[in-house]
Amino acid sequence: MPYDFDLFVIGGGSAGVRCGRIAAGHGARVAVAEERFWGGTCVNVGCVPKKIMVNAAEYGGWAQEAAAFGWDMTVAGHDWAKLAAARDAEVTRLSGIYGKLLAGAGVTSFDARATFVDPHTIDVGGKRVTAERIVIAVGGTPTRLPIPGAELGLISDDLFTLQALPKRAIVIGGGYIAVEFACILRGLGAEVDLIYRAPLPLRGFDEDVRAAAAEALAAQGIRLNPDVAPTRIAKVGDHLMVSKSDNFMREADAVFFCTGREPNTAGLGLDKAGLDVRPGTGIPVDDEHRTAVPHIYAIGDVIDRVNLTPMATAVGHALADTLFGKNPRKASYENVPTAVFMSPPIATVGLTEAEAAARGPVDVYVTRFTPMRHTISKREGRRTLMKLVVCQSTQKILGAHMLGEDSAEIMQGIGIAVGMGATKQDFDRTIGIHPTAAEEFVTLRTRTRVAGVQAAAQ
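Quick caveat: nothing in here was measured; it's all calculated off a predicted structure.

Calculation rules
- Residues numbered from 1 in each chain as written.
- Predicted model: local features only at pLDDT ≥ 70, side-chain atom pairs only at ≥ 80, totals over all residues.
- Heavy atoms only, no water.
- UniProt positions renumbered as here; feature names shortened; annotations may be inferred.
- Helix = DSSP H or I, 4+ residues; strand = E, 2+ residues; numbered from the N terminus.
- Contact = heavy atoms within 4.5 Å.
- Pairing = 2+ DSSP bridges.
- Axes fitted to C-alpha atoms, helices over the stretch in contact; angles between N-to-C directions.
- Phe/Tyr/Trp six-rings, centres within 6.5 Å; stacked < 30°, edge-to-face > 60°.
- Buried < 20%, exposed > 50% of the residue type's maximum accessible area, 1.4 Å probe, protein only.
- Lys NZ or Arg CZ within 6 Å of the ring centre and 35° of its normal.
- Domains from an automatic or database assignment.
- Buried area = accessible area lost by both parts, 1.4 Å probe.
- Salt bridge = Lys/Arg side-chain N within 4 Å of Asp/Glu carboxyl O.
- Polar contact = N/O pair within 3.5 Å; in protein donor to acceptor, adjacent residues only side chain to side chain.
- Nonpolar A, V, L, I, M, F, W, Y, C, P; charged D, E, K, R; others polar.

Undergrad: Requested: an account of the UniProt feature "binding site: FAD" (unreviewed entry) in the protein chain, with residues and values cited.
TA: According to UniProt, the "binding site: FAD" (unreviewed entry) feature falls on K51 and D301. Its place among the elements puts K51 in helix α3 (residues 47-65). One can find D301 in the loop between β17 (296-298) and α7 (309-324). Here D301 is in contact with G139, G140, P263, N307 and L308, once residues within four sequence places are set aside.

Listed below in structure tokens is the structure:
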């Protein structure tokens, strides 16, 4: 029997919109359904509004630094409502662009929830449609810890609907969302506690970067609570009380759970599609992003692989080209640059020292310095760290890591070099731009240490 659509995409975020738009451009009959907001998490309650608030949080420090450079400035406080209005206007503008992109490509859009009826049939807002191929791109959702009083805490989405800055905030978690939120709230004037179970924040990042991040967080007045976990949240009068596993308690006006995200698979009816997926886990896919049902695909954060917007977009584009563009290809999950927009930011590409050393001996180059601006400002906690991890046998750059101002902007270019297989000698013969922090990546000459199996033998 003929299908209503060649492709039906469930989810109107970065992955789903790109996949649907490109597929339609190749001539496919495409529909995309989105039940909440076009653009998904990134545009509405993630990357975009977060980065706007990160920028806002930096201005107070910059204004205070200005005196060292001869400027006479007075910081009279922050207008939360004005920031929120500007942020929300930009989010609305960008979200609208996603809908226009689909309409311009001839895609049928459904502002409704989509669920499976059977492997080829979708119920979308009470209407049943069929599709030859289906792509699941519903993203992820924030989680709370299973502790008493968890319902009193906020999730990451809630930062963008707060009517006022809490005077005292507790952020639970040690991942990139947690440290970013802690820096935003602190930069805008709140007292902040960061509670996390590990000795250092940012599990999965390079150890030198993690240590430097903890130092930078503490320097800006964020109270670090490492090696502990929250055990209970209680309402006491007009504030909240968080009990911790170290038998101490912290008082706050708002508590944020930044304790991870899980694939947003609940209620999709995956079992009716023939997919056996445990709640809260990623949908298993093969290298072509096929699920266990060959005509059903899954992309983006719902597969819980590399949960980054540009990665999801790239995979969506590649899948559309493969299915409808007569151009089979894959988006590589290796050497994906990423950033943590804390203060100062972190950016990285490739392997950590530990990951690289597990594969063989590596040369490690590390430098820490105070950037020129802060030799004048004297601001605490603004030191820069740069690190290169180099394969000892081939001299290829396996990983590059940086904590410091403009790190994300710098790492985008470094990512090209690492992806192309650049060697340490390629970096060495590149002329630096002076005076910049970035030039340090091409002037690292003294090896800090050797790591890996041969280093252990020595």
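Undergrad: How would you summarise the sheet that holds strand β21 (residues 384-391) if you had to cite specific residues and measurements?
TA: In spatial order, the strands read β18-β19-β22-β21-β20-β23; together these 6 strands make up an open sheet with antiparallel pairing. Strands with a single pairing partner mark the edges of an open sheet, and in this sheet they are β18 (338-340) and β23 (449-451). Strand after strand, the sheet turns through a mean of 20 degrees between neighbouring axes, direction not considered. Bridge count between strand β19 (residues 346-350) and strand β22 (residues 397-403): 5 bridges; the pairing is antiparallel.

Undergrad: For the packing of aromatic side chains, give the residues involved together with the corresponding values.
TA: In this structure the tally under the stated criterion is 6 aromatic pairs. Consider the rings of Y59 and W62, whose centres lie 5.0 Å apart with planes at 70 degrees: the pair is edge-to-face. With Y59 and W62 both in helix α3 and 3 residues apart, this pair spans about one turn of that helix. Accessibility expressed as a relative area gives 34% for W62, which makes it partly exposed. Taken together, the ring pairs connect F5, F8 and F110 into an aromatic cluster. Seen from the ring of Y333, R305 lies directly overhead, with NZ or CZ sitting 5.0 Å from the centre. In this arrangement the basic side chain of K424 is found over the ring face of Y365, its NZ or CZ atom lying 4.4 Å from the centre.

Undergrad: Break down the domain arrangement of the protein chain for me, citing the residues and quoting the values.
TA: Split into domains, the protein chain comes out as domain 1 (5-141 + 262-325), domain 2 (145-258) and domain 3 (337-447). Centre-to-centre separation of domain 1 and domain 3, based on C-alpha positions: 31 Å. Between domain 1 and domain 3, the contact holds 10 residues from the first and 10 residues from the second. Across the interface of domain 1 and domain 3, roughly 880 Å² is buried in total on both sides, 54% from carbon and sulfur atoms. On the surface where domain 1 and domain 3 come into contact, there are 3 salt bridges. Ionic pairing is found between E58 and R382, a salt bridge with its closest N-O pair at 3.5 Å. Along the contact surface separating domain 1 from domain 3 lie 3 residue pairs in polar contact (both at pLDDT 80 or more). Grouping the amino acids of the side of domain 1 that touches domain 3 by side-chain chemistry returns 5 nonpolar, 1 polar and 4 charged.

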